[in-house]
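# Observations on the three-dimensional arrangement
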Amino acid sequence: MDFSELTKFLDSLVSDKIAPSVDCIITQNHNQIYRHFAGYRDIKNNITVNGNEQYIIFSMTKMVTCVCALQLLEKGKYQLDDPLKKYMPEFAEMKVKNGKKKAEKAENDITIRHLFSMAGGFNYNLNETHIKRASMKKHSNTHSIVSSFSKTTLDFEPGTHFQYSLCHDVIGALIEVWAGKKFSEYFKENVGDPLGMNHTFFCKNHNENVENLSQIYFAKPHKDFEDEPQWNQFIPSDEYESGGAGLISTTEDYSLFLDALANDGVASNGYRLLKKETVDLMKTNQLSPAQLEDFDKMRKGYGYGLGVRTHMNPERSGSLSPVGEFGWDGAAGGFSMVDTTNHISLTYFQHAFGWDVKTQEKMRNLLYEAMEK
């Protein structure tokens, strides 16, 4: 295996000012076969990265949330086609726009499967009046804020389209219902501690005091980076644990998580994170032909499983990865890839908004080109 071209590419992201820093780990069969980091944790103060940086991982939280929920599926706490209202009755009567001026009562119930597959009809507007009002209340927590989503109007009938949205935040609240404890407690007991993810936790709205937190920037290729506040715009209150974008993690921690998924749900220390058949279900496309048309605008050649993109059409995607390769990414440019065929995982973190999905595509293909050498 020769990863020299991948290293050159990662270094070019820094030199071309596409990312202030890069950190990438590749594992195969529980062995770390590649690690490279470069660049600056803090450009202004000339602090270089050392591999121990903390990152706000934004939507890379979603895979963790869905794995927590799938563990509870294995325990029989719910079924995928159960209606959401069975566990959160406030969602019993939703209204939907359906392209009309006046909202009407939704004909379809939102199901748990709809939430996993981003087909619930929600959007990503945390500034919606009811959500904003709930967020401003004293001690507004995960359950109370997610409950306020029930007062919003859906963009479409549940199950009819794909739309990237707050669906996985709802799953975060459901985990609390099913497990009978805070989402953070369930994560720590069933994922974080057993895998040894000792530096992964739910962030607050503002995170200036987090030790080793990499500075967030906005990237404008070939131009100087612009500092961004160390805050997470997807956290409406400090007691809110966002299933969609709430975690802070390190590259090494997240690599432990992906490595377990890449090896049929079993971690390097022997802990079974998920059953093999559950991992297989997770990476199985859940979208109808109409929904695939929606998703194709985001990731050509890919479908969407239970919280992850999943590779379906190599000719259309241009990806060298096998069919069934899956993962997701984050708002600041983090990227995850799981290949259960070859038991490979790739974890990549940076801390810069304004990234291009082509960066991820290039990184993934350089991995497979290196494996052939």
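Check the entry above for the structure.
All values derive from a computational prediction rather than experimental measurement.

Bringing the overall build of the protein chain into the picture now. Helix and strand content of the protein chain: 12 helices and 17 strands. The globule rule puts the C-alpha radius of gyration for 373 residues at 21 Å, and the 20 Å found for the protein chain is close to it. Along the first, second and third principal axes, the C-alpha set of the protein chain runs to 55 × 40 × 40 Å. Within the span of the protein chain, comprising 373 residues, buried residues form 57% of the whole. Look at the contacts in the protein chain between residues 6 or more apart in sequence, and 69% of them connect residues 24 or more apart. A total of about 15,400 Å² of accessible surface is found on the protein chain, and carbon and sulfur atoms cover 47% of it. Each charge sign in the protein chain was given a centre, from 41 positive and 49 negative side chains, and these centres are 6 Å apart.

Moving on: the packing of helix H2 (residues 61-74) against helix H7 (residues 183-195). Contact pair H2 / H7: the axes reach a minimum separation of 11 Å and the direction vectors enclose 75 degrees. In this view, H2 runs roughly perpendicular relative to H7, as classed from their interaxial angle. Counted together, Val-64, Thr-65, Cys-68, Gln-71 and Leu-72 of H2 and Phe-183, Tyr-186, Phe-187, Asn-190 and Val-191 of H7 form the full contact between these two elements.

Using the criterion set out here, one finds three cavities of 30 Å³ or more in the structure. Empty space within the largest cavity amounts to approximately 50 Å³. Lining the largest cavity, in full, are Gly-333, Tyr-348, Gln-350, Trp-355, Asp-356, Thr-359, Gln-360 and Met-363. In terms of residues, the lining of the largest cavity owes the most to one element, helix H12 (residues 357-371), which gives three residues. Split by residue class, the lining of the largest cavity holds three nonpolar, four polar and one charged. As a volume, the second largest cavity reaches approximately 40 Å³. Residue lining of the second largest cavity: Tyr-55, Ile-56, Ile-57, Phe-58, Gly-330, Ala-331, Ala-332, Gly-333, Gly-334, Phe-349 and Gln-350, and that is the complete set.

The next subject is the sheet that holds strand E6 (residues 104-105). What the three strands build is an open sheet, ordered E6-E5-E7; its pairing is mixed. Strands at the two margins of the open sheet, each flanked by one partner only, are E6 and strand E7 (153-154). Two strands pair when backbone bridges link them, and strand E5 (residues 95-96) and E7 are joined in this way by two bridges, in the parallel orientation. For Lys-95, the partnering residue across the bridge sits in E7 and is Thr-153.

Basis of the calculations
Residues numbered from 1 in each chain as written. Predicted model: local features only at pLDDT ≥ 70, side-chain atom pairs only at ≥ 80, totals over all residues. Heavy atoms only, no water. Helix = DSSP H or I, 4+ residues; strand = E, 2+ residues; numbered from the N terminus. Rg over C-alpha atoms; globule rule 2.2 N^0.38 Å. Buried < 20%, exposed > 50% of the residue type's maximum accessible area, 1.4 Å probe, protein only. Contact = heavy atoms within 4.5 Å. Areas by Shrake-Rupley, 256 points an atom, 1.4 Å probe, with all protein chains shown as cover. Lys, Arg positive; Asp, Glu negative; His and termini not counted. Charge placed at Lys NZ, Arg CZ, Asp CG, Glu CD. Axes fitted to C-alpha atoms, helices over the stretch in contact; angles between N-to-C directions. Parallel < 35°, antiparallel > 145°, perpendicular 65-115°, else oblique. 1 Å grid on protein atoms, 1.4 Å probe; cavity = no way out; pocket = protein on both sides within 12 Å on 5 of 7 lines; lining within 4 Å. Points joined across faces, edges and corners; volume = space filled by probe spheres on them. Nonpolar A, V, L, I, M, F, W, Y, C, P; charged D, E, K, R; others polar. Pairing = 2+ DSSP bridges.

Keep in mind that these numbers describe shape and distance, not what the molecule does.
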